[in-house]
Every structure is written in C-alpha cells, then in structure tokens.
Amino acid sequence: MIRFNRDVRRRLKNRVMAALALACVALALVPLGSIVHTVVVRGASVVNPEFFTQIQPIPCSPGPNSTCVQGGIGNAIVGTFLLLGLSSAIAIPLGLLAGIYLAEYGKGPLVFAVRFFADVMTGLPSIVMGLFIFAAFQLAFPGIVFSAIAGGLALAVIIIPFVARTSEEALRLVPGSIREAALALGVPKYRVTVRVVLSSAREGIVTGALLAMARVGGETAPLLLTAGGNSFYSVRLDQPIAAMSLVIYNFATTPYANWNALAWGAALLLVLIMLGLSIAARFLLRHRFHEQRIRG
Amino acid sequence: MTRKLAAEKVSAWYGPKKAIEDISLDFEEHATTAIIGPSGCGKSTLIRCLNRLHETVPKARVEGKVLLDDKDVYADDPVTVRRRVGMVFQKANPFPTMSVYDNVAAALRLNGVRNRGKLDKIVKQSLEQAALWDEVKDYLGKPGVSLSGGQQQRLCIARALAAEPEVLLMDEPCSALDPIATAKIEDLIFDLKTDYTVVIVTHNMQQAARVADTTAFMYLGHLIEVGGTRELFERPREALTESYITGRFG
Amino acid sequence: MPQAAERKALEKSLQKLNENMVTLAELSELAIRKAIDGLTRRDAEVAREVFTLDQEVYGLQLEIEHTCIDLIALHAPVARDLRTVTTSLKITTDLDRIGRYAKDLSELTLQFGGKATGERADVARIREMADRTIKMVDTAIDAFVQRDAESVRNIMEVDDAVDRMHDEIFADLVRRMEDRSLDTEVGARYILVNRYLERIADHAVNIGLRVVYMVTGDWLPRVRAADRVKRYPK
C-alpha cells in the first residue's frame, strides 16, 4: 500500500515539474514571439525594391494634400555591411590569435592577466568603446573622427575580446589526445595548432565569430560617436557612414510617418540578416568530408 | 643482438614529483619488448621519454640519455625524433575532422607532401600493414571516428606507420578493446617486428607473454627485472617480480 | 578487486593439489615398503594389501591429472605456480609406476609362496638394495613435500651406487644359477626383483630432479639409465 502511494506521488511530482518547466519556456518565448510578430507586421509593409535602393526621403507624414515618398535605406544597408566587414576583418584574426595564445602557448601569470582583461572587456558598455575610439581619433586623427574607419574600429574593439574568449574555449574543447597524436607523428607544434587543433575546433570558432558579428551588427551607441551617420551613399573610409541601427535610432522617435515606417523596415531587415548569418554558419559546416578514392 | 634503442639512467619528473628513477634498458632491433607493472609504476612515463613526448607536458622534466642508433635523442631536434619513433596510444585517437584517408595521410601531409600518387601508395601500404585495408578500402572518405573501436586503433597504427618510423611505441594499445580486436592487434604486432622495433606497455601479463621477446618489469618508478619473456614467466629472478606476475601483490 | 579473488580460487586449487600429491606420495611409499616387507617375509597377506594400494594410487593419479589440467585452463599459472603444476603432473606418473612395481613385487611374493628360498645371503644382498631403494624413494618424496631442492640435488650419484649394486647382484645370480647353487626358477624371480628395484630407484631419481626444477627452476641434466649402462661395461 505504502509503496503504491510513493510511486504515485513521485509520478505526479514529475508531471508537475515538467508542466512548470514547459510553462516557463512558454513564458520566455512570449516576449520573443511578440517582438518578432510586431517587427514583421510593422516592417513588412515597407519592404519593397524602393526600400533597398533609395536613400532616405524628406521627412513627412501622409496627409490630405501631400504625398510622401517612401524612400529607402539603401545607404544604411551598404553602411552596415561595410562596417561589419571592416570590423570583422580587423577583429576576428586578432581575436583568434589571442585565443590561440591563451589556449596553446600561454604560460604563467601573463595568461591569467590577459584572460581576465578580456572577460572584463566583454562586459564593458559598448558606448564606452565608442567613446574610446572617439577620443583617440580626436587626438590622433581629428579630421576623421566621424568616419567609417572609426566606426569599424569601435566595433572591432568590441569583437576582439569576445572572439578571443570564444576561440580559446573552442580550442580548449579539443582533447589533448588529438594534440599528442599529432605531435607523436613528428609534426612541429605550430603546425599541430594550425592544421589539426584549429580545424578540430573550427565549429566553435566560426560560431563564436558569427555570434560576435551578430552582436555588433545591431550596435547603436558606439556608432553614434564614431560612424556618425550619413544621408547619402558612401563607401569612403574617411567619411561618415550610415548604418541600419542608426536609422532606427534616428527615425523611430520622429513624428514623421514615412521615417517611422523605414525604421520598422530596418528593424525587420536587421533581424533577418542576423538570422541569415546563423543559418549560413550551420550550412557551411555541413561540408566536412569529401569523397576520397584511391585508384589502383 | 643489435641495440636499436636504449634508455640510459633515465629519470623523469612531473613538476616536483619524480615518476621514474635511473632506468637503463635496451630495446633490441626487430624484436618486441614489453614493459609490465602495476598502475602508476611509470611505464607510460618511460616510453613517453623515449619519443620526447613527456617534455610537452607543462613542468615536466627528463634527465639521462635515450640512445637511438647510439645517438642521444635529447641532443637532437624533437620533431625529427618523433618521426623516427612513432607512438600509438591507449585510447584510439583518430583526428575527428578527418576521413580515414586523411588520417593515415596526416603525417605526410602535415609535413608538406602533396604528391597524390605518393600519398595514395603510402596510405594503402600502411592500411595493409595494419590489417585494415580490406575493411576500409571502399570507405576511405568516411570519417575516421565512424569506425569501430578496434578498427580505430588499427587506423591509428596505420597512421603511425605511414610516417615510416623505425621504432613503434605502443601504450596499452588493447586495453579498451574486446578480445577479438585484441587478438587482431596482437597478430599485427607479431608481423610488425619484422620491419620495426616494437615497445609495448601493457597491464595484461598474458599479453606480454604472448607477444614479447623481452619483458621488463617496473615498480614504483624503478626497473626491477628484465629478461627473456620465457625466463621471466617461468622462473623470475626477483621475488617482487614473482609476486607481481603470480598476482600475489600485497 | 578481481585480482585478489582470482588468487583465492587459485590458492584453494593449489592447496587441494598439494594435499592430493602428498597422499599419493605416501601411498606409493607405503606400497613399496609393504611389498618389500611381504617379499622378505613371504607374507601373502601383506602382498595382497599392496594390490589394493596400487588401485588407490592409480585412481588418485587420475584425479590429480584432472586437477592440474583445470588449473592450467582456468588460471594460466606462471612462475612458481606453473612449475608446481607441471611438476605435479609429471611426478604422478613416476609415483604411479612405483605403485605398479610394488604390485609386481607382491605378485612375485605370491608366486614364491611356500618354495624354499635358498641361501639367506642372496636375500640379504637384495634386502640391502631394497633398503637403499626405499630410502631413495623416501628422500625424493620428502623433498617434494618439504619443497627442499638441496636434499635431492645429488640423487643421481646415489642412484649410480644402486645401479652398480644391481649389476653385481645380477652377475651373482647368474653365476649361482649356472653352478646350480640356486634353483633356476627362484633365481629368475630374484632377477626380476632386482630389476624392479632398480627401476623404482630410477623413478625416485626422476622425482628428485623434477623437485629441483619445481623449487629452483634449474633443469639438471639427466643421464638416462640406458646411456649409463655403456659407462659401466661388464
């Protein structure tokens, strides 16, 4: 009799806990779901070819006697991609090298110091990074304080510690036996690191890099102080440059309907781009083994 | 008896802890030498000193000489040494991101060999030597880690052989395998000694009895006794050796 | 730990083996002693007891063989254990033979029964040879039981003396049969007795040498009786 009760109680508890966990998940998903829903609903209406090719229009609200040009955020799209590309090109190799140092070569107190500062930096407010670049450029290159290069550097400074730590973690996950096996074949250490360890860890490293890019893709604060924003198309490194996040910041709070619409469109596009980055990463990594056959 | 490899008064430390002390041991060419002893006696440490792998561990230290063809390996470049003295580990460790072919070809590729014809030839030869060719010849593109445990270990043996070493060190190669896989690898060792010098560390005394020409017994970092396998198992000289091999260790 | 458990089973088996070996050795020795005793006193009763003993010896020897095979199959013994098991396996043959010769001697006793023996001198010489033989068997068996290699290291020399004695007794018997001082039939039987004693001594030597191997691992070179005859030409 007693046994039977205990068993029933246990099963009941199990079910209750499972239900609670499910409820929490649903609760967590609700805001996410509602964000996505809102962005899609509000932004979809403005996404058309004009949206991608035109630059920002004269602000207006549609009224009885004035027609508003929708305009577009073409320059901001180009700007965001340029900034992302620039910052990644600078930061990812540097961050990766730092990660390799931390995981493979570091010995002694220096390693702990580097790791500690990297962790601290990943937590610093991004506007502080922007401020740092702003101030540095004020001193060194006053002419190009607001420029694409400044924006790129600000984003790079955010990415580097992040990539360093994620790369280090990914490299650490490679079992020591793999390194030993490669060393035992008479391969010099640097080649073991680059050709064997790195390729074993590439999933983790790529994921870390993409996460970093997704993170800074939507950064606004540092760009306020460095990229500056630009109403026109520009790919010059020494000129201010537009960005989608800046468009959202600037346009969403204005009273102009067409600008508001463009802001929602930009938001939708940003979300889709970040999603695209993740999917691309997964897809790229599927291509791991190609056919091998020995003839004869 | 030609002495291919020899340890001369080798001692090794992990940080402050001394793992092996003053080991002097000869390894005959084209023969199999087994090193037996209880866990922690230092046998793995010893063979890792033979191919200079011990020093890759942080804070590890080695003293003494290891002579390969009568030349001290510690006076030579470690990478060259490791090419001449290959190693197979306790748990099979094929490179996870590489196919069977790539795993075997790794030693050559990583050292700059690109000629596809040469790679093909050596991969086939090594897999044949490791008695694995027939089982994988149609699946060379499969990931190395998709093979069974015994096959993976033979893959690692093929990988080590592809580097064309002169000596092959095996650290308890069968301890994670079932009896059939073990038997295959023991047969392999029997054939390998024609072309290589084999040193095998094993927990399993019966295995040492089956495959080795010479057996050395280690205990607590010291070499207690070494001799022909038959003599050692029929009438060991040291009481400690006798206690260990008859399983009466206190 | 599995290792310790295996040793318990092995130890138990080894102990049982040793007990049986000791029993077998004692039975063999008893058989030979009784046979000699029966022969010298022409006691048919004692002679018949020896037949029973021989049967027991044979039965026990078979059981020991099986025990040894089981030990090898199950425990893969090495070193001292290996030598003990293989030695036991071989020694049982020698002990069984000793038992058989004891039986053969007792058969002769029964055949002698009632017939006049002739001069006591012959019996005395043979009695001496029998005593030496029994002593050799006793030494060898003691050495096995005590695991004492030293006491049997020079057992071959003792056997040389017994062989010489055998040759002398043989020559003497032949001479006495030729000059009719000894009844031919009796003489022929005594020749057999002489022969059996010499063979028993050889088996004692086998046992001794194997004990040396069991304890120390040394194989002492054994010169076979057939080869040795060539060293002592008539």
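Residues numbered from 1 in each chain as written. Chains lettered and ligands numbered in written order. Predicted model: local features only at pLDDT ≥ 70, side-chain atom pairs only at ≥ 80, totals over all residues. Heavy atoms only, no water.

Some thoughts on the overall build of chain A
Move 1: When helices and strands are counted, chain A shows 12 helices and zero strands.
Move 2: Along the chain direction, N to C, the helices and strands of chain A fall in the order α-α-α-α-α-α-α-α-α-α-α-α.
Move 3: A compact globule built from 296 residues should have a C-alpha radius of gyration of about 19 Å, whereas chain A, at 25 Å, is more than 25% larger.
Move 4: Dimensions of chain A, computed from C-alpha atoms along their principal axes, come out at roughly 75 × 70 × 55 Å.
Move 5: Per-residue burial for chain A yields a buried fraction of 40% across its 296 residues.
Move 6: The long-range fraction of contacts in chain A, counting pairs at least 24 apart against all pairs at least 6 apart in sequence, stands at 73%. (Helix = DSSP H or I, 4+ residues; strand = E, 2+ residues; numbered from the N terminus. Rg over C-alpha atoms; globule rule 2.2 N^0.38 Å. Buried < 20%, exposed > 50% of the residue type's maximum accessible area, 1.4 Å probe, protein only. Contact = heavy atoms within 4.5 Å.)

A closer look at the interface of chain B and chain C
Move 1: With 10 residues of chain B at the interface, the matching set in chain C holds 17 residues.
Move 2: Summing the contributions of chain B and of chain C, the shared interface buries around 1,100 Å²; its carbon and sulfur component is 44%.
Move 3: Of all residues in chain B, the largest losses of buried area upon contact with chain C belong to Glu234(B), Arg235(B) and Arg248(B), amounting jointly to 46% of the total for that side.
Move 4: On the surface where chain B and chain C come into contact, there are four salt bridges.
Move 5: As a salt-bridge pair, Arg248(B) and Asp81(C) come within 3.0 Å of each other at their nearest N and O atoms.
Move 6: Every element with two or more residues in the side of chain B that touches chain C is listed here: α9 (229–234) and α10 (239–245) of chain B.
Move 7: Class assignment of the residues belonging to the side of chain B that touches chain C gives a composition of three nonpolar, three polar and four charged. (Buried area = accessible area lost by both parts, 1.4 Å probe. Salt bridge = Lys/Arg side-chain N within 4 Å of Asp/Glu carboxyl O. Nonpolar A, V, L, I, M, F, W, Y, C, P; charged D, E, K, R; others polar.)

Observations regarding the sheet that holds strand β1 (residues 3–14) of chain B
Residue and element names in this part refer to chain B.
Move 1: An order of β2-β1-β4-β5 is seen for the four strands of this open sheet, with the pairing classed as antiparallel. Lying at the two open borders of the sheet, with one neighbouring strand each, are β2 (17–28) and β5 (71–72).
Move 2: Sheet topology note: the β1/strand β4 (residues 60–68) ladder contains eight bridges and is antiparallel. By the bridge assignment, alanine 6 is partnered in β4 with leucine 67.
Move 3: Strands in contact with helix α1 (residues 43–50) are β1, β2 and β4; relative to β2, the strand with the most contacts, it is inclined by about 65 degrees. (Pairing = 2+ DSSP bridges. Axes fitted to C-alpha atoms, helices over the stretch in contact; angles between N-to-C directions.)

Quick word on the nonpolar core
Move 1: Ile32(C), Leu95(C), Leu105(C), Leu197(C) and Val211(C) are the most contacted members of the largest nonpolar core, which has 62 residues in total.
Move 2: Counting residues per element, this core draws most heavily on helix α6 (residues 184–216) of chain C, at 15 residues.
Move 3: In this view, Leu95(C) contacts Met21(C), Leu24(C), Ala25(C), Ser28(C), Val57(C), Ile141(C) and Ile207(C); residues no more than four positions away in its chain are not counted.
Move 4: With 51 residues, the next largest nonpolar core counts Leu183(A), Leu185(A), Val81(B) and Val201(B) among its residues. (Core = buried A, V, L, I, M, F, W, Y, C linked by side-chain atoms within 4.5 Å.)

A word on helix α7 (residues 176–184) of chain A
Move 1: Of all nine residues in α7(A), seven are buried, a share of seventy percent or more.
Move 2: Of all the residues in α7(A), the buried ones are Ile178(A), Arg179(A), Glu180(A), Ala181(A), Ala182(A), Leu183(A) and Ala184(A).

Some words on the interface of chain B and chain A
Move 1: At the interface, 37 residues of chain B touch 24 residues of chain A.
Move 2: Overall, the association of chain B and chain A removes approximately 2,600 Å² of surface from exposure, summing both partners, and the carbon and sulfur fraction of that is 62%.
Move 3: Sorting the residues of chain B by area buried against chain A places Phe95(B), Thr97(B) and Leu110(B) first, and these three jointly supply 25% of that buried surface.
Move 4: With its nearest N and O atoms 2.6 Å apart, the salt bridge here joins Glu180(A) to Arg48(B).
Move 5: When residues in the side of chain B that touches chain A are grouped by element, the largest group, five residues, is from helix α3 (residues 100–109) of chain B.
Move 6: Considering only residue class, the side of chain B that touches chain A consists of 19 nonpolar, eight polar and 10 charged.

Concerning α6(C)
Move 1: Taking 1.5 Å of rise per residue, the 33 residues of α6(C) would be expected to cover 48 Å, and the 48 Å separating its terminal C-alpha atoms lies within 8% of that figure.
Move 2: Following α6(C) by one or two positions, Gly217(C) has its phi on the positive side, about 85 degrees. (Expected span 1.5 Å × (residues − 1).)

Concerning the pattern of salt bridges
Move 1: One pass over the structure, following the stated rule, counts 44 salt bridges over all chains.
Move 2: The partner of Arg61(B) in a salt bridge is Glu63(B), with the nearest N and O atoms 3.0 Å apart.
Move 3: Look at Arg61(B) and you get partly exposed, because its relative accessible area is 40%.
Move 4: What emerges from the salt-bridge pattern is a single network uniting Arg115(A), Asp119(A), Arg165(A), Glu168(A), Glu169(A) and Arg172(A).

What to know about the sheet that holds strand β6 (residues 85–88) of chain B
Residue and element names in this part refer to chain B.
Move 1: The strand order across the open sheet built from six strands is β6-β7-β8-β3-β9-β10, with neighbouring strands paired in mixed fashion. Every other strand in the sheet has two partners, leaving β6 and β10 (222–228) as the edge strands with one partner each. If you compare each strand with its neighbour and ignore which way they point, the axes differ by 20 degrees on average.
Move 2: Contacts between helix α6 (residues 149–162) and the sheet are confined to β6 and β7 (167–171), with β6 contributing the most and set at about 170 degrees to the helix.
Move 3: Taken strand by strand, helix α7 (residues 179–192) contacts β3 (32–36), β7 and β8 (197–202), and its axis lies near 150 degrees from that of β8.

Some thoughts on the confidence of the model for chain B
Close reading of the predicted structure is inappropriate where its pLDDT is low.
Move 1: Across chain B, pLDDT averages 93, with 100% of residues at or above 70.
Move 2: This complex was scored by the predictor with a pTM of 0.80 and an ipTM of 0.92. (pLDDT = per-residue confidence, 0-100.)

A closer look at the packing of α6(B) against α7(B)
All names here are of chain B.
Move 1: Interaxial distance between α6 and α7 falls to 9 Å at its minimum, and their mutual angle equals 20 degrees. Between α6 and α7, the angle is such that the two are roughly parallel. Between α6 and α7 lies a crossing whose hand is right-handed. Listed contacts from α7 to Gly150, Gln153, Arg154, Ile157 and Leu161 of α6 are Ala181, Lys184, Ile185, Leu188 and Leu192.
Move 2: Considered class by class, the residues forming the contact of α6 with α7 number six nonpolar, two polar and two charged. (Parallel < 35°, antiparallel > 145°, perpendicular 65-115°, else oblique. Left-handed = near helix turned anticlockwise from the far one by under 90°.)

Here we look at the pairing of β8(B)
Put simply, side chains in a regular strand alternate between the two faces of the sheet.
Residues and elements named next belong to chain B.
Move 1: Taken across its six residues, β8 has six buried, putting it largely inside the fold.
Move 2: Burial of the side chains of β8 extends over both faces: Thr197, Val199 and Val201 are buried on one face and Val198, Ile200 and Thr202 on the other.
Move 3: Here five bridges tie β3 to β8, and the two strands are oriented parallel to one another. Bridge pairing in β8 places isoleucine 35 opposite valine 201.
Move 4: Remark: the β7/α7/β8 crossover connection has right-handed handedness. (Right-handed = clockwise from strand over helix to strand, strands pointing away.)

Quick word on the packing of helix α6 (residues 148–172) of chain A against helix α9 (residues 202–217) of chain A
All names here are of chain A.
Move 1: As a packed pair, α6 and α9 sit with axes 9 Å apart at the nearest point and diverge in direction by 155 degrees. Classed by the angle they form, the pair α6 and α9 counts as roughly antiparallel. α6 and α9 meet at a crossing whose hand is right-handed. Seen from α6, the contacting residues are Leu155, Ile158, Ile159, Phe162, Val163, Thr166, Ser167, Ala170 and Leu171; seen from α9, they are Gly204, Ile205, Gly208, Ala209, Leu211, Ala212, Arg215 and Val216.

Focus on the packing of aromatic side chains
Move 1: Per the counting criterion, the structure on display carries 10 aromatic pairs over all chains.
Move 2: Measuring from ring centre to ring centre gives 5.4 Å for Phe51(A) and Phe52(A), while their planes differ by 85 degrees; the resulting arrangement is edge-to-face.
Move 3: In this structure Phe51(A) comes out as buried when scored by relative accessible area, which is 0%.
Move 4: Consider the rings of Phe217(B) and Tyr244(B), whose centres lie 4.9 Å apart with planes at 20 degrees: the pair is stacked. Pair noted here: Phe217(B) is in strand β9 (residues 214–219) and Tyr244(B) is in helix α10, with a separation of 27 residues, a long-range link. Here Phe217(B) matches Tyr244(B) in class, with each residue buried.
Move 5: Among the aromatic side chains, those forming a connected cluster through ring pairs are Phe251(A), Tyr256(A) and Trp259(A).
Move 6: For Lys142(B), the ring lying beneath its charged end belongs to Tyr139(B), and the centroid distance is 5.0 Å. (Phe/Tyr/Trp six-rings, centres within 6.5 Å; stacked < 30°, edge-to-face > 60°. Lys NZ or Arg CZ within 6 Å of the ring centre and 35° of its normal.)

What to know about the arrangement of the chains
Move 1: The protein chains that touch form two pairs of chains, and the pair with the most contacts between them is chains A and B.
Move 2: In this view chain A stays clear of chain C, with the nearest C-alpha atoms of the two still 29 Å from each other.

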